[in-house]
Amino acid sequence: MRLLVTGAAGFIGSHLCRRLVAEGHEVVGFDDLSEGNAQVNLADVPEVKLVAGDLRDAEAVAAAATGCDAILHHAARKSVPRSVREPEAFVEVNVRGTLNVLLAAREAGASVVFASSSSVYGDQEVYPLSESFEPRPRSPYAATKLAGEALMRSWWHSYGVPTVSLRYFNVYGPFQDPASEYAAVIPRFVTACLTGSTPVIYGDGEQARDFTFIDDVVEANLLAARAPQAARGLVLNAGGGREPTTVNELLALVAVAAGNAPEPRFEPAREGDIRRSHADISLARELLGYDPKVAIDEGVRRTVDWSAARAG
Ligand SMILES: NC(=O)c1ccc[n+]([C@@H]2O[C@H](COP(=O)([O-])OP(=O)(O)OC[C@H]3O[C@@H](n4cnc5c(N)ncnc54)[C@H](O)[C@@H]3O)[C@@H](O)[C@H]2O)c1
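Rules of the game
- Along every chain, residues carry numbers that run from 1 in the direction the sequence is written.
- Local features in this predicted model are restricted to residues of pLDDT 70 or higher, and side-chain atom pairs are both shown and tallied only at a pLDDT of 80 or more, whereas totals for entire chains, interfaces and linings draw on every residue.
- The side-chain values count all of the structure's non-hydrogen atoms but skip hydrogen atoms and water molecules.
- Any two strands with at least two DSSP bridges between them are considered paired.
- In this description a helix means any DSSP run of H or I spanning at least four residues, a strand means any run of E spanning at least two, and both kinds are numbered starting from the N terminus.
- The convention used is that axes are lines fitted to C-alpha atoms, helices contributing only their stretch in contact, and that angles between N-to-C directions extend from 0 to 180 degrees.
- The contact definition used throughout considers only heavy atoms, calling two residues in contact when any of these lie within 4.5 Å.
- One less than the number of residues in a helix, times 1.5 Å, gives the span that helix is expected to have.
- To sort residues, take the accessible area from a 1.4 Å probe on protein chains only and compare it with the maximum for the residue type: under 20% means buried, over 50% means exposed, and anything in between is partly exposed.
- We define proximity as follows: a residue is near a molecule or strand when any one of its heavy atoms falls within 4 Å of that partner.
- Definition of a polar contact: a pair of N or O atoms within 3.5 Å, with one able to donate and the other able to accept a hydrogen when the atoms are protein atoms, and with sequence-neighbouring residues admitted only if both atoms are side-chain atoms.
- Working definition of accessibility: Shrake-Rupley area with a 1.4 Å probe, residue cover restricted to the visible protein chains.
- When a carboxyl oxygen of Asp or Glu lies within 4 Å of a side-chain nitrogen of Lys or Arg, that pair is called a salt bridge.
- Classification of ring pairs rests on two measures: the distance between centres of Phe, Tyr or Trp rings, Trp counted by its six-membered ring, which must be within 6.5 Å, and the angle between planes, read as stacked under 30 degrees, edge-to-face over 60 and tilted in between.
- Think of it as a cone above the ring: NZ of Lys or CZ of Arg counts as a charge over the ring if it is within 6 Å of the ring centre and within 35 degrees of the ring normal.
- Within this scheme, the nonpolar core is defined by two criteria: the residues are buried Ala, Val, Leu, Ile, Met, Phe, Trp, Tyr or Cys, and they are joined through side-chain atoms within 4.5 Å.
- Residue ranges assigned to each domain were obtained from an automatic or database domain assignment.

I'd like a rundown of the sheet that holds strand β1 (residues 2-6), residues and numbers included.
Strand-to-strand pairing in sheets goes through backbone hydrogen bonds, with the strands running parallel or antiparallel. Here seven strands make up an open sheet; going across it, the order is β3-β2-β1-β4-β5-β6-β11 and the pairing parallel. Unpaired on one side and paired on the other, β3 (49-52) and β11 (235-238) mark the two borders of the sheet. Averaged over all pairs of adjacent strands, the angle between their axes in this sheet comes to 20 degrees, without regard to strand direction. Examined bridge by bridge, β1 and strand β2 (residues 26-31) share five bridges and lie parallel to one another. Across the sheet, the residue bridging to L3 is V27, located in β2. Its contacts with the sheet put helix α6 (residues 140-159) on β4 (70-73), β5 (111-117), β6 (163-168) and β11, and the angle it makes with β5 is roughly 155 degrees.

Dropping the structure here:
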């Protein structure tokens, strides 16, 4: 198969490329390199034909998709606080860009898997989160993901383009960037424990998240790319499949794996931080056969080992 991975130089996109190449597929990557680092993330997969382009450029997206059987659409602006400051740019990249991907898919006859986000749920009263719940996006970022899901659904119903939207829940693993201003909690904690710097916990640390190891997310994509008829057009949760982990528990796990437990510093909770996130994955299990394998302690250990090997 020939596949296009948008956001190929990023965290999740680069893992998808690696797995697809290992399975013998022809892989085209598309990324504007605004966040992703191809030299680091794609260094071991020179087989990927990387196109440097912007999602907002419909012609560039269409050219990259030519001859592709499937598109795994992961390029996006993804910082929630930045989306509050720059909503226009987020709509342009995440909504207009997704439209460009769908137009290209229709032209090429390709299926599309869309990287959506648990943030579309916003605050809910009942857990675990089911796809049947009314979405309550709180940020422009979450709203763009919800709009993307709606476009995906409509492309299946209007044009017969097979689409699946996967809602991700705190994906983590090797190659996740610890350095950016909005870095995710696991790479921040891993760096702190390995270097002996102070890990920062926002709020009381009792907020719980459904951490999902990258290999399980990659598997969900491969299953979604060949989704049966019953799954097409749908939104499916791709969570970790276990009870959520609090931020305090997470730091303890990272400390054990790193063999170093620095004292955390507690800072005020970040605005808009939800208390709990937990996916009901029964629909993805039923329709795709999605069966996440990596528990949090194992995934943290693998992430710490990778970071330690890279640093040392
Ligand atoms: N990591 C998570 O926990 C998580 C959770 C929910 C959803 N997601 C979604 O999964 C996808 C991948 O996330 P990630 O963590 O790998 O992020 P990432 O930032 O590492 O990767 C995104 C890639 O998109 C590229 N990009 C950004 N704007 C672009 C544009 N205009 N044109 C072309 N490329 C552009 C960036 O350079 C980057 O390489 C995103 O759509 C994100 O919203 C991720």
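There is more to say, and it comes next.
Which residues make up helix α5 (residues 87-108), and what are the values?
The terminal C-alpha atoms of α5 lie 30 Å apart, and with 22 residues this matches the ideal 32 Å at 1.5 Å per residue to within 8%. All buried positions along α5 are accounted for by A89, F90, V93, N94, V95, G97, T98, N100, V101, L102, A104 and A105. A positive phi of about 75 degrees marks G109, the residue just after α5.

Run through the site of the ligand, naming residues and quoting values.
In the vicinity of the ligand, 27 residues are found, and the nearest of them are F11, I12, D31, Y141 and K145. Here an oxygen atom of the ligand and a backbone polar atom of I12 are 2.8 Å apart. In this structure, an oxygen atom belonging to the ligand sits 3.0 Å away from a main-chain N or O atom of G36. Within the complex, the protein chains bury 94% of what would otherwise be the 820 Å² of accessible surface of the ligand. Mapped onto the shell around the ligand, the elements with two or more residues apiece are α1 (11-22), β5 and α6. For the shell around the ligand, the element with the most residues is β5, which contributes three residues.

Any chance you could break down the pattern of salt bridges for me, citing the residues and the numbers?
Scanning the model with the defined rule gives 21 salt bridges in all. One salt bridge in this structure joins R77 and E86, with 3.6 Å as the shortest N-O distance. Connected through shared salt-bridge partners, D215, E298, R301, R302 and D305 make up one network.

I'd like to hear about the side chain of N41, residue by residue, with values.
With respect to the secondary-structure elements, N41 resides in helix α2 (residues 38-41). Here A9 takes part through its backbone oxygen, which lies 2.7 Å from a polar atom of the side chain of N41.

Give a detailed account of the packing of aromatic side chains, specifying residues and quantitative values.
All chains considered together, the criterion is met by five aromatic pairs. Measuring from centroid to centroid gives 6.3 Å for Y121 and F169, while their planes differ by 40 degrees, and the two rings are tilted. With Y121 in the loop between β5 and α6 and F169 in the loop between β6 and β7 (171-172), this residue pair connects regions lying 48 residues apart in the sequence. Since its relative accessible area comes to 0%, F169 is described here as buried. The aromatic ring of Y159 is capped on one face by R106, whose charged end is 4.5 Å from the ring centroid. The ring of Y127 is capped by R276, whose NZ or CZ atom sits 5.8 Å from the centre of that ring.

Which residues make up the nonpolar core, and what values do they have?
Core analysis: the biggest nonpolar cluster contains 63 residues, and L166, L250 and L288 have the highest contact counts within it. Counting residues per element, this core draws most heavily on helix α8 (residues 214-225), at eight residues. Lining this core are residues from two domains, each supplying at least three of them: domain 1 (2-172 + 213-240 + 279-293) and domain 2 (185-208 + 243-277 + 297-311). Beyond its immediate sequence surroundings of up to four residues, L288 is in contact with L166, A220, L223, A224, A227, P228, A231, L236 and L283. Counting residues in hydrophobic clusters, the runner-up holds 24 residues, among them L4, F30, A64 and W155.

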